[in-house]
Amino acid sequence: MHLDPLAPDLAARTRRLAQRLDELGLTVTVETGARYVLDPRRKHGPSLLDPDPDDRARRADLLVRAVQVAADLGAHAVHCFSGVTPAGTDPDLAWKRLAEALAPVLEAATTAGVPLAVEPEPGHLLATLADFHHLRTALGDPPALGLTLDIGHCQCLEPRSPADCVRAAGPWLRHVQIEDMRRGVHEHLPFGEGDIDFPPVLAALAETGYQGLTVVELPRHSHAGPHFAELSLPFLRQAVALSQGSTP
């Protein structure tokens, strides 16, 4: 909603946004998970896994465009996810489609010097950290391929604690999303409404040396963004202080 990649004059609009970000002292990640961008009837369609190769190419083209926008904005990563495996699709075929569809995106990312940060998403083909490593190995461990780690997703379905997930993901971390969540329930919650112990998570992030953005992700609370920003920032600052053993 903040920068329509398909509307006219993208380059000019991107330049204006880059200037405004610079004025405000802000950095940015390009998020490509917006709903109904390519298809008004399918929330995230078409995906990189669609049976129709032309549809897969449309999603890949959008990601290539996102890489160029990211380069023009000075963004530190482009976020994406695999998509849900279409019904009746053999898993091996789905992984093959994903790897092939990402090839031109990774080429563009390499050229632009902007990492592609794939997010394990519950319910998608690539749902876990193990799945990320499966893709990374299948692609030959390209330097441009990095990881978006969602702390809530770790709480939701990973076998390790969120802090241990952060440590394990450290070498590939390019973007971090953070919110509260409960075990086994994929629902993004404001801080304090789920089960996550945040000081150890933030301590683990510091241990990895990660310097990118850590972004609060509350998709169902977007209508109240300023309110939750006002609540989230002091919560995270207090959690950082506790993680360092200092007085909040």
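Structure shown above.
Summary of the structure given here. Note that the coordinates shown come from a computational prediction; the quantities given were computed from them, not determined experimentally.

Attention shifts here to the overall build of the protein chain. A count of helices and strands for the protein chain gives eight helices and eight strands. What you see for the protein chain is a C-alpha radius of gyration of 18 Å, in line with the 18 Å of a compact globule of 248 residues. With respect to the three principal axes, the spread of C-alpha positions in the protein chain is 55 × 45 × 35 Å. Sequence separation of 24 or more characterises 71% of the internal contacts of the protein chain that already satisfy a separation of 6 or more. Roughly 12,500 Å² of accessible area belongs to the protein chain as shown, and the carbon and sulfur atoms make up 53% of that amount.

Moving on, we get to unusual backbone geometry. The amide bond that connects Gly45 to the next residue, Pro46, takes the cis arrangement and shows omega of -10°. For Pro46, the location among the structural elements is in the loop between β1 (30-31) and α2 (53-73). Even without being a glycine, Tyr36 presents a positive backbone phi close to 60°. Topologically, Tyr36 is positioned in the loop between β1 and α2.

The next thing to look at is the sheet that holds strand β2 (residues 78-80). Note on sheets: strands pair through backbone hydrogen bonds, and any given pair is parallel or antiparallel. The six strands are arranged β1-β2-β3-β4-β5-β8 in an open sheet whose pairing can be described as parallel. Either end of the sheet is taken by a strand with one partner, and the two such strands are β1 and β8 (214-216). Where β2 meets strand β3 (residues 116-118), three bridges bridge the pair, whose relative direction is parallel. Directly across from His79, in β3, lies its bridge partner Ala117.

It is worth spelling out the packing of aromatic side chains at this point. Counted by the stated rule, this structure contains three aromatic pairs. Seen from their ring centres, Phe191 and Phe198 are 5.0 Å apart, and the 85° between their planes marks the pair as edge-to-face. Each member of the pair Phe191 and Phe198 is classed as buried. Taking 4.7 Å as the distance between ring centres and 0° as the angle between the ring planes, the aromatic pair formed by Phe191 and Phe235 counts as stacked. Taken together, the positions of Phe191 in the loop between β7 (185-189) and α7 (198-208) and Phe235 in helix α8 (residues 225-243) put the pair 44 residues apart, joining distant regions of the chain. The buried category is assigned to Phe191, whose relative accessible area is 14%. Relative accessible area serves as the criterion here: at 26%, Phe235 is assigned to the partly exposed category.

Reading the values: the criteria
- Residues numbered from 1 in each chain as written.
- Predicted model: local features only at pLDDT ≥ 70, side-chain atom pairs only at ≥ 80, totals over all residues.
- Heavy atoms only, no water.
- Helix = DSSP H or I, 4+ residues; strand = E, 2+ residues; numbered from the N terminus.
- Rg over C-alpha atoms; globule rule 2.2 N^0.38 Å.
- Contact = heavy atoms within 4.5 Å.
- Areas by Shrake-Rupley, 256 points an atom, 1.4 Å probe, with all protein chains shown as cover.
- Pairing = 2+ DSSP bridges.
- Phe/Tyr/Trp six-rings, centres within 6.5 Å; stacked < 30°, edge-to-face > 60°.
- Buried < 20%, exposed > 50% of the residue type's maximum accessible area, 1.4 Å probe, protein only.

Function cannot be inferred from these measures alone, as they are strictly geometric.
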